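# Descriptive structure summary
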Amino acid sequence: MKKPILTTLLLSLLITASAQSFDIDLSRHEQGKPFCHSVAVPDGNYRVTLTIGAKNLEGETFVRAESRRLFLENVKTRKGEQKVVSFVVNKRSPYIYQDASAVPADSIRLKVREQGYLNWDDSLTLEFCGRRPVVSRVQIERDTTATTLYLCGNSTVVDQEYEPWASWGQMIPRWFDDKVSVANYAESGLTANSFLAQKRFDKILSTLRAGDYVLCEFGHNDQKERGDGAGAFYNFAHALKRLIDGARRKGASVVFCTPTQRRSFDEQKRYIEETHGDYPQAMREVARREGVPVIELHEMTRTFFEILGYNGSTQALVHYPANTFPGQPKALADNTHFNAYGAYEVAKMVVQGMKALHLPLAEHIRNDWTGFDPTEPDGPSWFVWPDSRRYESKKPDGN
């Protein structure tokens with residue numbers, strides 16, 4: 001399947017197949033204009049090295065990859081100035097390979113709406129955007145040394161494919177240096193059990209290595225499961241234990257995130273009501289028994305919404321009047337799913353949680369990290385997010 005791109009460009013590729021190294025000639029690209037480029041590569045981690053800047057043009061460059069994963073944020077360059085930066089992108093397909101034969105042994109059971117997502121095709125896509133994106137050189141090469149952070153979860157974690165939806169999992173790559181790759185396997189509407197049943201965890205296990213991390217956020221959709229054994233302290237807890245056991249057998253570390261809050265205020269419109277039942281506590285109890293560190297997104301997002309207030313908190317979620325975006329004839333008012341600003345702030349909560357837990361992974365947080373306090377969030381008016389020009393009014397699965 002082919003990736004849709006923002007601008008069709010004829011870019012020359014100098015490909016060294018044995019090294020899986022690509023040096024992209026941008027001479028035909030008009031500097032200062034947004035564009036995308038895709039390179040067909042096998043599954044794996046890829047180091048991207050960019051030379052940003054140009055002789056005759058000031059630049060303000062954002063870089064994203066695959067399904068709108070943020071890597072570089074508003075890199076400013078003066079005329080004649082160039083900056084060389086590197087990061088690692090995880091590229092994947094739905095196929096599960098059990099050996100080096102390149103013959104799929106199985107496949108993830110993708111949802112119908114996932115079939116055309118950039119995360120799941122045969123190419124690695126880079127997106128260069130911003131007020132004036134200026135990129136002089138792109139090098140891509142296979143990376144086998146980076147620590148991989150695998151994300152398991154639902155619509156609050158997934159790399160949302162379309163504007164105006166966003167989740168913290170696609171924002172968090174921005175905060176890691178080129179020693180860490182983020183592989184986001186979350187999907188909208190999933191529970192811990194359906195994540196396992198759809199073989200997403202099997203795919204993770206097929207590439208998981210000692211020293212990697214598996215970070216899990218569930219609870220939003222799990223509370224709606226019905227049937228024998230359903231409940232926070234039985235089926236849900238058992239699924240979490242399966243995730244822990246599988247990751248540890250591979251020598252990986254497991255981290256839990258309690259679920260993000262919904263924007264559900266009390267009658268006085270002052271405090272967030274609890275809508276997740278026993279599920280956050282079930283995560284905590286499993287974590288305590290199994291020695292798993294916990295990032296308290298449940299409590300940090302509660303504080304975040306309450307500090308923003310009843311009206312202000314809509315600015316962190318998909319609340320927009322009709323016709324704000326192309327193909328959006330009706331108003332959007334979603335109290336679960338974040339927009340880009342909200343997702344960016346929640347990603348900073350996750351990073352702050354890693355720092356507070358003194359995880360070795362936190363040693364690879366970028367030097368421009370300044371800390372985050374949910375009682376003093378960044379203002380929405382400060383945040384800049386260039387749209388990817390791909391829109392969908394339909395809400396993500398799950399709630």
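These remarks concern the structure in this document. Since we're looking at a predicted model, the values are computed, not measured. (Residues numbered from 1 in each chain as written. Predicted model: local features only at pLDDT ≥ 70, side-chain atom pairs only at ≥ 80, totals over all residues. Heavy atoms only, no water.)

## With respect to the nonpolar core
Note on soluble globular proteins: their nonpolar side chains tend to be buried together. Within the largest apolar cluster, 49 residues are counted, with the highest numbers of intra-cluster contacts made by Trp168, Ile172, Leu215 and Met354. For this core, the secondary structure elements donating two or more residues are strand 12 (147-152), helix 1 (168-171), strand 13 (180-184), strand 14 (213-216), strand 15 (253-257), helix 6 (297-312) and helix 7 (340-356). At 10 residues, the largest contribution of residues to this core is made by helix 7. Excluding anything up to four places from it in sequence, Trp168 contacts Leu151, Thr156, Val157, Leu215, Glu217, Cys257, Leu297, Ala343, Val346, Ala347 and Val350. Listed in part, the 37 residues of the second largest apolar core include Tyr117, Ala183, Leu205 and Val286. (Core = buried A, V, L, I, M, F, W, Y, C linked by side-chain atoms within 4.5 Å. Buried < 20%, exposed > 50% of the residue type's maximum accessible area, 1.4 Å probe, protein only. Helix = DSSP H or I, 4+ residues; strand = E, 2+ residues; numbered from the N terminus. Contact = heavy atoms within 4.5 Å.)

## Notes on the packing of aromatic side chains
Enumeration over the complete set of coordinates arrives at 20 aromatic pairs. On the basis of an interplanar angle of 75° and a centroid distance of 6.0 Å, the ring pair of Trp120 and Tyr185 is categorised as edge-to-face. One end of the pair, Trp120, is in the loop between strand 9 (106-107) and strand 10 (123-132); the other, Tyr185, is in the loop between strand 13 and helix 2 (192-197), with 65 residues separating them in the sequence. Residue Trp120 shares its accessibility class with Tyr185, and that shared class is buried. Aromatic pair Phe195 and Phe218: ring centres 5.7 Å apart, planes at 70°, arrangement edge-to-face. Taken together, the residues Phe195 in helix 2 and Phe218 in the loop between strand 14 and helix 4 (232-249) connect sequence positions 23 residues apart. Aromatic rings pair up to connect Trp175, Phe304, Phe305, Phe338, Tyr341, Tyr344, Trp369, Trp382, Phe383 and Trp385 into one cluster. (Phe/Tyr/Trp six-rings, centres within 6.5 Å; stacked < 30°, edge-to-face > 60°.)

## Regarding the environment of Asp159
In this structure, Asp159 sits in the loop between strand 12 and helix 1. Those residues in contact with Asp159, other than ones at most four positions away along the chain, are Ser67, Arg69, Asn119, Gly169, Gln170 and Asn184. A polar atom in the side chain of Asp159 sits 3.0 Å from the side chain of Arg69. A polar side-chain atom of Asp159 sits 3.5 Å from the main-chain amide nitrogen of Gln170. (Polar contact = N/O pair within 3.5 Å; in protein donor to acceptor, adjacent residues only side chain to side chain.)

## Some thoughts on helix 4
The end-to-end C-alpha separation of helix 4 is 25 Å, in line with the 26 Å expected for 18 residues at 1.5 Å each. By the burial criterion, the buried members of helix 4 are Ala232, Phe236, Ala237, Ala239, Leu240, Leu243, Ile244, Gly246 and Ala247. In this fold, the buried residues of helix 4 make contact with helix 2, helix 3 (200-207), strand 14, strand 15 and helix 5 (279-290). One or two steps after helix 4, the chain reaches Gly251, where phi turns positive at roughly 85°. (Expected span 1.5 Å × (residues − 1).)

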